[in-house]
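# Report on the structure
Here is what each chain is made of, one letter per residue.
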Amino acid sequence: MSTESARVIVLGCSTRPGALGPAVLDWLIDTITPRAGELGAELVPMALGDLDLPFLDEEEHPSSGLYRNEHTRRWSDAVDAADGFIVVTPEYNYGMPATLKNALDYLGREWAWKPIGFVSYGNTSAGTRSVQHAKQVVTTLRLVPLGSTVAIRIGDATENGRVRPNAALAGAAVGVLDELVRVAHALRPMRELIRAGVRPGPLPGSYVRPLTPDDAPQVTVLQRCCWVDEALANDTLAVPALRESLEEVREWLATWQTMGLWRDGRLLGMVRARRVDADWHVGRLGVVPDQRGQGLGRILLRGAEAAAEPDCRRVVLFTGAKSRQNITFYESEGYRPVSPADDDGTACLAKSVTF
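These remarks concern the structure in this document.

What counts as what
Residues numbered from 1 in each chain as written. Predicted model: local features only at pLDDT ≥ 70, side-chain atom pairs only at ≥ 80, totals over all residues. Heavy atoms only, no water. 1 Å grid on protein atoms, 1.4 Å probe; cavity = no way out; pocket = protein on both sides within 12 Å on 5 of 7 lines; lining within 4 Å. Points joined across faces, edges and corners; volume = space filled by probe spheres on them. Helix = DSSP H or I, 4+ residues; strand = E, 2+ residues; numbered from the N terminus. Nonpolar A, V, L, I, M, F, W, Y, C, P; charged D, E, K, R; others polar. Salt bridge = Lys/Arg side-chain N within 4 Å of Asp/Glu carboxyl O. Buried < 20%, exposed > 50% of the residue type's maximum accessible area, 1.4 Å probe, protein only. Pairing = 2+ DSSP bridges. Axes fitted to C-alpha atoms, helices over the stretch in contact; angles between N-to-C directions. Parallel < 35°, antiparallel > 145°, perpendicular 65-115°, else oblique. Left-handed = near helix turned anticlockwise from the far one by under 90°. Contact = heavy atoms within 4.5 Å. Polar contact = N/O pair within 3.5 Å; in protein donor to acceptor, adjacent residues only side chain to side chain.

So, about the layout of surface pockets. To find leftover empty space, a probe the size of one water molecule is rolled over the atoms. Size it by volume and the largest pocket reaches roughly 1,300 Å³. As for the largest pocket, its lining consists of 41 residues, of which Trp227, Glu230, Leu285, Thr319 and Asn326 are closest to the centre. The set of elements that each furnish at least two residues to the lining of the largest pocket consists of α8 (228-234), α9 (240-243), β12 (279-287), α11 (296-306), β13 (314-320) and α12 (324-332). Counting residues per element, the lining of the largest pocket draws most heavily on β12, which supplies seven residues. When its residues are assigned to classes, the lining of the largest pocket shows 16 nonpolar, 16 polar and nine charged. Of the pockets and cavities examined, the second largest pocket occupies roughly 400 Å³. Around the second largest pocket, the lining is made up of 16 residues, and of these Glu4, Arg188, Glu192, Arg195 and Arg209 lie nearest the centre. Among the secondary structure elements, those contributing two or more residues to the lining of the second largest pocket are β1 (6-12), α6 (167-193) and β9 (206-210). Tallying contributions element by element places α6 first for the lining of the second largest pocket, with three residues.

Turning our eyes to something else, we now look at the pattern of salt bridges. Scanning the entire structure with this criterion turns up 24 salt bridges. Here arginine 7 and glutamate 42 are joined by a salt bridge, their closest N and O atoms 2.9 Å apart. Of this pair, arginine 7 sits in strand β1 while glutamate 42 sits in strand β2 (residues 41-47), and the two are 35 residues apart along the sequence. For arginine 7, a relative accessible area of 28% translates into the label partly exposed. Between aspartate 83 and arginine 191 there is a salt bridge, with its nearest N and O atoms 3.3 Å apart. Remark: arginine 191 occurs in helix α6 and aspartate 83 occurs in the loop between α2 (70-81) and β3 (84-90); sequence separation between them is 108 residues. In the salt-bridge network here, residues are joined through shared partners; they are Arg35, Glu38 and Asp178.

Here we come to the sheet that holds β2. A sheet is described by the order of its strands in space; here five strands give the open sequence β2-β1-β3-β4-β5, paired in parallel fashion. The sheet is open, and its two borders are formed by β2 and β5 (144-153), each paired with just one other strand. Strand-to-strand twist of the sheet, defined as the mean angle between neighbouring strand axes without regard to direction, takes the value 15°. Inspection of the sheet shows β1 paired to β3 by five bridges, in the parallel sense.

The interhelical angle for the contact between α11 and α12, taken along N-to-C directions, is 55°, at an axis separation of 12 Å. Between α11 and α12, the interaxial angle falls into the category oblique. With respect to the hand of their crossing, α11 and α12 are arranged in right-handed fashion. Only Phe329, Tyr330 and Ser332 of α12 make contact with α11, whose side of the interface consists of Gly297, Arg298 and Leu301. A breakdown of the residues in the contact of α11 with α12 according to their chemical character gives three nonpolar, two polar and one charged.

Quick look at the side chain of glutamine 291 now. By the secondary structure assignment, glutamine 291 is in the loop between β12 and α11. In this structure glutamine 291 comes out as buried when scored by relative accessible area, which is 9%. Polar side-chain contacts of glutamine 291 include one of 3.2 Å to the side chain of aspartate 290. Engagement of the side chain of glutamine 291 in a polar contact is seen with the side chain of glutamine 294, the distance being 2.8 Å.

Moving on to the sheet that holds β12. Across the sheet, eight strands lie side by side as β8-β9-β10-β11-β12-β13-β15-β14; this open sheet has mixed pairing. Edge positions in the sheet fall to β8 (199-200) and β14 (336-337), since each of these pairs with one other strand and no more. The pairing of β8 with β9 spans two bridges and is antiparallel. Note that in β9 the partner of proline 200 across the bridge is tyrosine 207. Taken strand by strand, α12 contacts β12, β13, β14 and β15 (346-352), and its axis lies near 165° from that of β13.

Below, the structure is given as structure tokens:
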């Protein structure tokens, strides 16, 4: 499972004064919060009645992502930041509330490739027909409905406007959260493919995106895999990439411009760059061993070079003085040794910046 947390919006859909919905929402939050802590999930309770969404009033189609109204932009930001949703919904006349349908219709891309679970309540059907109605809509938006659900029959499960303690319902609620978090992590690569700043990668299904401090666990693993050859070639374990702690990796990810090549949630390669005086420093170029020989390192290197700031004079990089394979590769890309190897066994190579 991914080490990243999952942000889950728990959405109350009824806006009718005096409705049971807020009590069901409170019961659900109280029930699943302990499990959310164990799973590393963040629960964000929201009520549609608090969003002030009128009936859809945007001029442009939601698929355009062009929003004129502030209420739409707020709703877009909230949904875009979420990794999944649990909807608490009543059933009105064999269907979902108009408020839920309206909220879904407002947006497009923000919903895609995120799981959605349902907690329904009602009388004869315990709200299950509302859920079936909603599933027809959410799949069109590329939301992924869960198989796990909670269905509350009002007459059997509530008393004095509250949900009575019920082990079976509580277990079902935790089951919805468990499944939702697993599916949210599994779908993360699909969500990343459509985010801003992401571009297609050189391999089928791969993509390139900026790395952030949140990616430190994956970067740490990649470094452990890739820099063993460097250590063997130079007969030393004093290689920073092999020795850095998770926190040290997180710190430099916050200051370097780092690009990562991903496929199916796996980090296949990376490179980092930043300006130092009038030079553009490139480093930590690595590709996982089983994906080498396909030109991925060359593509990453050239991408880092292309990002050099206009007034930089040189691109500079470092490698082990005995890393003959690395040096040969860099020389094939136009790099030349700057000076004899340092006392620490590090070779510096550079080439002029061309635009």
